[in-house]
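For reference, the chains in residue letters:
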Amino acid sequence: MSLAAISTRRWTRALRGTTSVPRTPPVALFAALGLLLVGSFLLSVGIGAVDIAPAQTVAIIAHHAGIDLGIDFTARQDAIVWAIRLPRVVLALLVGGALAISGAVLQGMFRNPLADPGLIGVSSGAALGAVASVALGVTVLGVATLPVAAFLGGTATAVLVYLLARHDGKTEIVTLVLVGIALNTMAGAGTGLLTYVATDEQIRAVVFWSLGSLGGATWEGVSATLPFVAVGIALALRRGQALNLFVLGEREARHLGVDTERVRLELIALTALMTGASVAVAGVVGFVGLIVPHLVRLVAGPDHRLLLPASALGGAALVMLADLFARTVAAPAELPLGVITALLGGPFLLLLMLRTRRAQGGWG
Amino acid sequence: MTAAVEAHGVGLRVGGRWLVREVDFAVTPGEVVALVGPNGAGKSTVLRLLAGDMPPTAGRVLIDGRPVDAFSPRELALRRAVLPQQTVLEFAFTAREVVSMGRAPRRSDADEAVVTRELVRTDALHVAERIYPSLSGGEQGRVALARVLAQEAPILLLDEPTASLDLRHQQMIMEVAHQIAAGGGMVVVVLHDLNLAACFADRICVLREGRIVADGPPWATMTERLLEEVFDCPIAVRTHPVRDCPLIIPLATV
């Protein structure tokens, strides 16, 4: 039987929600994700108005690291890779990793498979913060103003979601989604109101945030995003076991020795930090935090010690590929990245709903 | 022997109403203590106060002589394990993975062996590799109990561990509670089935409207008069035909 046939069978079975799903061993999972990541990276850097072979891409990157691999490339190729494509691809990688791991963290913490930074309103809260800082001309923190404003907006929304959707240590799925709708609406209204005080140039920036795009990527953008995402991911990875216990219930996690109040605050701050940094640089890119952790769970099971790193890798690959598609499919025009992820995410959400309805009669 | 779990004058008021009041209670190693009483009598609340889930409005709870809120969550997890009424999982962990979570406060080389041992003890080994949310209510209940036992805490607080179990497994779980107590542990268990309490508990603590109205060995507490008054229905108490314990028979009211 071919590999494809085996994996199709596994997926059909998994999507039907049957009782036991064969799990991919961690080594195979991470090897596959590593290959996917490297492949997506080389494709993304290589494809565009001027195609550049993977070997040359590697040589150009090595050249900038001070290593000569003896592969020829032109100065024009070097400029395209180093100044234009690489910052964009690296940002896609950071944004994807941050959003996907944030989704995985939120789902575990809320014990709720539908928690996603976009769906529950954290992304639009961060966008509101960013738009507010632009429209009101706040520049107190220099280049860090935007990410910090987005972080504050994201944190405020995350805390609101948490306070509003949680009851007696549990979060009903429907409540969470409804709270998300309300907060998305309010943040959207706030962003809309700000456009009245904004200049035309600022309005363009607002539109950019509402659709999500990596079109404005620069190395400065990378260096403003990298610390937030790196710290966020590194700290989130330490909480894999605590999140497993959260899945049993918050009270149960505490009975098993988790300092739930502290861990919860830490995780909310981390997801707001990562989502805020992503939104500041790329606008609202939805559904990455929903799709990736779900796919990882289907093949590798729900253990957060695997799920968190695997989601980060998978999210990075997904956003790199989605951005590649966004900038090449209608070239020389560009589609907004957020539109591509929404095109993937919408049907995915429906599929998820149908599957859940078949397995347990729907989300109560 | 000194008590390992003590409640002194404990009360909890929520929204102006006392859920439990003036509870004095102690458990010493080697004991199985059943908490019984009608719905809303405060059994689960007492259990949660003993577990340190929330601070009491009045009085104090001590574990090993120390106030329960003076322990860190991990220190507490090494001393007491808690079985909630129901454990619902939204994610597809296997039964074995769920039981392994009980090892979280410990992390030792014996983990795998302990997990298997507790799965055997609760008769759940055959479902170990299955996905927890796909198990039947009774199977989930046994796996959840195995998770609590795998924590290897000397104090077990069990909220209706027998609720969804068939007769054989009900007996089996109460035997397990006995083994734990015989090994120097102690078990506080909320039960609805008075006969299970009468057969297996060393002491029965009867609650009514948030207060303890009787606390003692089965023969002292399972009296017709007390039970009729507390449960508000006609009840006959006889001697168990096989075991030396009270047999409680509710009598039809119509």
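Just above, that's the structure.
Note that the structure is predicted; figures quoted are calculated from it, not measured. Counting of residues starts from 1 at the beginning of each chain's written sequence and follows it residue by residue. All chains are assigned letters beginning with A, and all ligands numbers beginning with 1, in the order in which they are written. For this predicted model, a pLDDT threshold of at least 70 governs which residues receive local features, and a threshold of 80 or more governs which side-chain atom pairs are given and counted, while totals over whole chains, interfaces and linings are taken from all residues.

Trainee: Outline the overall build of chain B, listing residues and values.
Mentor: A run of H or I in DSSP becomes a helix once it reaches four residues, and a run of E becomes a strand once it reaches two; helices and strands are each numbered from the N terminus. A tally of regular secondary structure across chain B gives 9 helices and 12 strands. Using C-alpha atoms as the atom set, the radius of gyration is obtained and then compared with a globule rule of 2.2 Å times the number of residues to the power 0.38. Compactness check: chain B gives a C-alpha radius of gyration of 18 Å against a globular reference of 18 Å for 254 residues, within 12% of the reference. Viewed in the frame of its principal axes, chain B has a C-alpha envelope of about 50 × 45 × 35 Å. Contacts here follow a simple rule: the backbone-placed C-beta atoms of the two residues must lie within 7 Å. Within chain B, counting contacts between residues at least 6 apart in sequence, those at least 24 apart form 65% of the total.

Trainee: Tell me about the packing of helix α5 (residues 122-135) of chain A against helix α6 (residues 145-165) of chain A, and name the residues and values.
Mentor: Residues and elements named next belong to chain A. Orientation is described by lines fitted to C-alpha atoms, with helices fitted over the stretch in contact, and by angles between N-to-C directions that extend from 0 to 180 degrees. Where α5 contacts α6, the axes come no closer than 7 Å and their chain directions differ by 140°. With respect to α6, the element α5 is oriented oblique. Note on packing geometry: the crossing formed by α5 with α6 is right-handed. Note on element contacts: α6 touches α5 through Thr-145, Leu-146, Ala-149, Ala-150, Leu-152, Gly-153, Gly-154, Ala-156, Thr-157, Ala-158 and Val-161, opposite Val-122, Gly-125, Ala-126, Leu-128, Gly-129, Ala-130, Ala-132 and Ser-133. Three residue categories are used. Nonpolar comprises Ala, Val, Leu, Ile, Met, Phe, Trp, Tyr, Cys and Pro, charged comprises Asp, Glu, Lys and Arg, and polar comprises the others, including Gly. Class assignment of the residues belonging to the contact of α5 with α6 gives a composition of 12 nonpolar, 7 polar and no charged. Here roughly perpendicular refers to angles of 65 to 115 degrees, roughly parallel to angles under 35, roughly antiparallel to angles over 145, and oblique to all remaining angles. Each crossing gets its handedness from the near helix: less than a right angle anticlockwise from the far helix is left-handed, clockwise is right-handed.

Trainee: How would you summarise the sheet that holds strand β7 (residues 155-159) of chain B if you had to cite specific residues and measurements?
Mentor: All names here are of chain B. Strand pairing is defined by DSSP finding a minimum of two bridges between the two strands. Read from one edge to the other, the open sheet built from 6 strands follows the order β6-β7-β8-β3-β9-β10, with strand pairing classed as mixed. Each end of this open sheet is capped by a strand with a single partner; those strands are β6 (80-83) and β10 (211-216). Strand-to-strand, the axes of this sheet are offset by a mean angle of 15°, without reference to chain direction. Where strand β3 (residues 32-36) and strand β8 (residues 186-190) come together, 4 bridges link them in parallel fashion.

Trainee: Tell me about the pairing of strand β12 (residues 246-250) of chain B, residues and numbers included.
Mentor: As paired strands, strand β11 (residues 235-239) of chain B and β12 of chain B are joined by 5 bridges and run antiparallel to one another. Of the residues in β12 of chain B, the one forming a bridge with Ile-235 of chain B is Pro-250 of chain B.

Trainee: Tell me about the interface of chain A and chain B, and name the residues and values.
Mentor: Taken residue by residue, the interface counts 24 residues in chain A and 22 residues in chain B. Contributions of two or more residues to the side of chain A that touches chain B are made by α10 (240-248) and α11 (250-255) of chain A. Looking at which element gives the most residues to the side of chain A that touches chain B, the answer is α10 of chain A, with 5 residues. Of the residues belonging to the side of chain A that touches chain B, the class tally is 8 nonpolar, 9 polar and 7 charged.

Trainee: Could you give an account of the pairing of strand β2 (residues 17-27) of chain B, naming the residues involved and the relevant values?
Mentor: All names here are of chain B. Sheet analysis places strand β1 (residues 5-14) next to β2, joined by 7 bridges and oriented antiparallel. Residue pairing for β2: Val-5 is matched across the bridge by Val-27. Hairpin connection between β1 and β2: a loop of 2 residues separates the two successive antiparallel strands, and Gly-15 in this loop has a positive phi of roughly 55°.

Trainee: A description of unusual backbone geometry should follow, citing residues and the corresponding values.
Mentor: A positive phi is found at Phe-287 of chain A, a non-glycine position, where the angle reads about 70°. For Phe-287 of chain A, the position within the fold is in the loop between α12 (260-282) and α13 (288-300). Around each residue's C-beta, the other C-beta atoms within 10 Å are counted; 20 or more make the residue buried, 12 or fewer make it exposed, and counts in between make it partly exposed. All C-beta atoms are placed from the backbone. Residue class for Phe-287 of chain A comes out buried when judged on the 25 C-beta atoms lying within 10 Å of it. One non-glycine residue, Glu-152 of chain B, adopts positive backbone phi at about 50°. Its location among the elements puts Glu-152 of chain B in the loop between α5 (137-150) and β7. Since 18 C-beta atoms lie within 10 Å of it, Glu-152 of chain B is described here as partly exposed.

Trainee: Which residues make up the packing of α6 of chain A against α12 of chain A, and what are the values?
Mentor: Residues and elements named next belong to chain A. Here α6 crosses α12 at 135°, and the two axes come no closer than 7 Å. Considering the angle they form, α6 stands oblique to α12. Two packed elements cross with a definite hand, and for α6 against α12 that hand is right-handed. Touching Leu-146, Pro-147, Ala-150, Phe-151, Gly-153, Gly-154, Thr-155, Ala-158, Val-159 and Tyr-162 of α6 are Ile-268, Ala-269, Thr-271, Ala-272, Leu-273, Thr-275, Gly-276, Ala-277, Val-279 and Ala-280, all from α12. Residue composition of the contact of α6 with α12, by class: 14 nonpolar, 6 polar and no charged.

Trainee: Quick one: what's the story with α10 of chain A, residue by residue and with numbers?
Mentor: Extensive coverage of α10 of chain A is indicated by the burial of 7 of its 9 residues. Residues Ala-242, Leu-243, Asn-244, Leu-245, Phe-246, Val-247 and Leu-248 of chain A constitute the buried set of α10 of chain A. At its buried positions, α10 of chain A is contacted by α4 (75-109), α11, α12 and α14 (304-328) of chain A together with α3 (95-101) of chain B.

Trainee: Any chance you could break down the environment of Val-177 of chain A for me, citing the residues and the numbers?
Mentor: You can see Val-177 of chain A is positioned in helix α7 (residues 173-197). Separated by 61 residues in the primary sequence, Val-177 of chain A and Asp-116 of chain A have C-alpha atoms spaced 9.8 Å apart.

Trainee: Tell me about the environment of Asp-303 of chain A, residues and numbers included.
Mentor: Within the secondary structure, Asp-303 of chain A sits in the loop between α13 and α14. The exposure class of Asp-303 of chain A is buried, given the 22 C-beta atoms found within 10 Å. Expressed as a C-alpha distance, the spacing of Asp-303 of chain A and Ala-205 of chain A, which sit 98 residues apart in the sequence, is 40 Å. Apart from residues lying up to four places away in sequence, Asp-303 of chain A is in contact with Asn-244 of chain A together with Glu-97 of chain B.

Trainee: Any chance you could break down the sheet that holds β1 of chain B for me, citing the residues and the numbers?
Mentor: Two modes of strand pairing occur in sheets, parallel and antiparallel, and in both the strands are linked by backbone hydrogen bonds. All names here are of chain B. Taken together, the 4 strands give an open sheet; going across it, the order is β2-β1-β4-β5, and neighbouring strands pair in antiparallel fashion. Single-partner strands in this sheet number two, and they are β2 and β5 (66-67). As judged from the 2 bridges shared by strand β4 (residues 58-63) and β5, these two strands associate in the antiparallel manner. Bridge pairing links Ile-63 to Arg-66 in β5. Packing against the sheet, helix α1 (residues 43-51) makes contact with β1, β2 and β4, and its axis sits at approximately 120° to β1.

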